[in-house]
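Summary of structural features
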Amino acid sequence: MSSKRPVVLITGGSRGIGAAVGQLAAARGYDVAVNYKSDREAAERVVAACQALGATAAAFQGDMAVEDDVVRLFDGAEARLGRLSHVVNNAGVTGKSSRLDQVSAQTIRECLDINVLGALWVAREGARRLSQRHGGMGGSIVNISSIAARLGSAHEYVWYAASKGAIDALTVGLSQELAGDGVRVNAVSPGITRTNIHERSTGDGGRVERLRSKIPLDRIGEPEEVAEAILFLMSDAASYITGANLPVSGGR
Ligand code: NAP
C-alpha cells in the first residue's frame, strides 16, 4: 500500500463549510488544497490550521465561475501537493434574498455562474484528474448541494434552489459515468448551517435564528457537522456508496 497521503482540493475552502472540511481532512491525514476567491487572509488561516495538524497545505486563488481559473487551480494544486485523490465541490453563493419576480438578471446570472457552471467546470476537471481512465489514481468527489433543491426556497431565492437541483442531477449522472473509473461521486445537502453565507450572500443576517423553529432538531447546524458527513463520503468507510445525496439538515 502507498504511504502517500491522500490529497483533497476544496473549492471555497477559506470560510464556512469548506474551511471546516479542510481542517477535519487535515486531522484525518489528508493534504489540503484550499481554494478561495477574494479572502486570502481567511484562506491562509485555514492553511495554517491544517499545517498545525501535520498536513501539507496551500492556498490557491481562483474564481470557480471562470473556466480557466478552475484549470489553473487544479494545475497549481497538483504541482504543489501531488496527484489529487479527492475533490470537494463546495464554492457557492445565494444572491440577495427576494421573490423571483423582484430579482435582477445579474443576481440570477452570478448565482448560476458559480453554483452551476462553476460546479460543472470543477466536476469535469475532477473527473479528468481522478479517473483511472485518464491516468488518475481514482478517489472521490463530493458535491455540496442544499436541501433548498427539495424545499424550493420560496420568497428567499428560488434561483438558488434551482441551481442546487442542478447539483443533484450532476451527482447522479457523474456517479454513473465514473463508476467504472475508480471514482465515487456523492453529494451532501446541508440545511441551515452557521456560516457567513446568510449575512454576506443573502443579505439577511437574521434569517438563521428566524428559521430555527422549522428545524426538527431545534437548532442551527455547525459547519463541522456538515464536514463530518463530507469526510465520511470521502473515506473508504463509504466504499460502496456512489450517487448518494446525504441531507445534513437537522431533520428539515
Ligand atoms: P460561505 O461561508 O459564504 O463561504 C463561501 C466560500 O466560497 C468562501 O470560501 C468563498 O471564498 C468561496 N467562494 C465564493 N464564491 C467563489 C467563487 N466564485 N470562486 C471560488 N470560491 C468562491 O458559504 P458556506 O455557507 O460555507 O457554503 C458553502 C457551500 O454550502 C455552498 O455551496 C452553499 O450553497 C452550501 N450550503 C450552505 C448552507 C448554509 O446554511 N451555510 C446550506 C446549504 C448549502 P472568498 O471568501 O475568498 O470569496
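Attention in this report is confined to the structure presented alongside it. Counting starts from 1 at the beginning of each chain's written sequence and moves along it residue by residue. The predicted origin of the model limits local features to residues at a pLDDT of at least 70 and limits the giving and counting of side-chain atom pairs to 80 or more, whereas totals for whole chains, interfaces and linings rest on all residues. Note that the side-chain values use all heavy atoms of the structure and ignore hydrogens as well as water.

1. Here's the deal with the pattern of salt bridges
Each reported salt bridge corresponds to a side-chain nitrogen of Lys or Arg within 4 Å of a carboxyl oxygen of Asp or Glu. A complete count under the given rule lists 15 salt bridges for this structure. Here Arg72 makes a salt bridge to Asp69, at a shortest N to O gap of 3.3 Å. Here Asp69 and Arg72 lie together in helix 3 (residues 67-81), a separation of 3 residues that amounts to about one turn. Think of it in three bands: residues with accessible area under 20% of the maximum for their type are buried, residues over 50% are exposed, and the middle band is partly exposed, with areas taken using a 1.4 Å probe on protein chains only. Taking relative accessible area as the criterion, Arg72 reaches 42% and is therefore assigned partly exposed. Here Glu125 ties to Arg128 by a salt bridge, and the two come within 3.6 Å at their closest N and O atoms. Note that Glu125 and Arg128 are positioned in helix 4 (residues 105-130) at a spacing of 3 residues, about one turn of the helix. Salt bridges linked by common partners bring Asp75, Glu78, Glu125, Arg128 and Arg129 together as one network. Secondary structure elements follow DSSP: runs of H or I no shorter than four residues count as helices, runs of E no shorter than two count as strands, and numbering proceeds from the N terminus.

2. Some details on the nonpolar core
By nonpolar core we mean a set of buried residues, namely Ala, Val, Leu, Ile, Met, Phe, Trp, Tyr and Cys, connected to one another through side-chain atoms within 4.5 Å. Counting residues in hydrophobic clusters, the biggest one holds 32 residues, and the most contacted among them are Val8, Val21, Val32, Val88, Val188, Ile230 and Met234. At the level of elements, strand 1 (7-10), helix 1 (16-27), strand 2 (31-36), helix 2 (40-52), strand 3 (57-61), strand 5 (139-144) and helix 9 (223-234) are the ones that each hand at least two residues to this core. Those residues in contact with Val88, other than ones at most four positions away along the chain, are Val8, Leu9, Ile10, Thr11, Val21, Val142, Ile144, Ile230 and Met234. Counting residues in each nonpolar core, the second largest holds 27 residues, with Met64, Leu73, Val87 and Ala119 among its members. Pairs of residues are marked as contacts when any of their non-hydrogen atoms sit within 4.5 Å.

3. A look at the sheet that holds strand 3
Within a sheet, neighbouring strands are paired by backbone hydrogen bonds and run either parallel or antiparallel to one another. The strand order 3-2-1-4-5-6-7 describes an open sheet built from 7 strands, whose pairing is parallel. Among the strands making up the open sheet, the edge pair consists of strand 3 and strand 7 (245-248). For this sheet, the mean inter-axis angle between neighbouring strands, taken without regard to orientation, is 20°. Should DSSP find at least two bridges between two strands, the strands are taken to pair. In this structure, strand 4 (residues 86-89) lies alongside strand 5, joined through 4 bridges in parallel fashion. Bridge pairing links Val87 to Ile141 in strand 5. A fitted line through C-alpha atoms serves as each axis, taken over the contacting stretch for helices, and the angle formed by two N-to-C directions is quoted from 0 to 180°. Together, strand 1, strand 4, strand 5, strand 6 (183-190) and strand 7 form the strand contacts of helix 9, whose direction differs from that of strand 6 by roughly 165°.

4. Let's talk about the layout of surface pockets
Using a probe with the size of a water molecule, rolled over the atoms, empty space left in the structure can be pinpointed. For each structure, a 1 Å grid was placed over the protein atoms alone; sets of points admitting a 1.4 Å probe that cannot get out are labelled cavities, open sets with protein on both sides within 12 Å along at least five of seven lines are labelled pockets, and lining residues have an atom within 4 Å of a point. Grid points are joined across faces, edges and corners, and a volume is the space filled by probe spheres set on the points. For the second largest pocket, the calculated volume is near 520 Å³. Lining of the second largest pocket is provided by 22 residues; of these, Pro6, Ser85, His86, Gly139 and Asp236 occupy positions nearest its centre. Looking at the lining of the second largest pocket, the elements with two or more residues in it are strand 5 and strand 6. In this classification, the charged set is Asp, Glu, Lys and Arg, the nonpolar set is Ala, Val, Leu, Ile, Met, Phe, Trp, Tyr, Cys and Pro, and all remaining amino acids, among them Gly, are polar. A class-by-class count of the residues in the lining of the second largest pocket yields 7 nonpolar, 11 polar and 4 charged.

5. As for the site of the ligand
Nearness here has a simple test: a residue counts as near a molecule or strand if at least one of its heavy atoms is within 4 Å of that partner. Taken together, 31 residues sit near the ligand, with Ser14, Arg15, Ser38, Tyr160 and Thr195 positioned nearest. Pairs of N or O atoms within 3.5 Å make up the polar contacts considered here, provided that, within protein, one atom can donate a hydrogen while the other can accept it, and that residues adjacent in sequence are counted only when both atoms are side-chain atoms. Between the ligand and Arg15 there is a distance of 2.7 Å, counted from an oxygen atom to a side-chain nitrogen or oxygen. In the environment of the ligand, an oxygen atom lies 2.5 Å from a nitrogen or oxygen atom belonging to the side chain of Thr195. For the ligand, whose unbound accessible area comes to 900 Å², protein coverage reaches 95%. Only helix 1, strand 2, helix 6 (158-178) and helix 7 (197-201) provide two or more residues apiece to the shell around the ligand. Across the shell around the ligand, the residue classes break down as 10 nonpolar, 16 polar and 5 charged. We get accessible surface area from the Shrake-Rupley algorithm with a probe of 1.4 Å; when it comes to residues, only the shown protein chains can shield them.

Keep in mind these values describe shape, not function.
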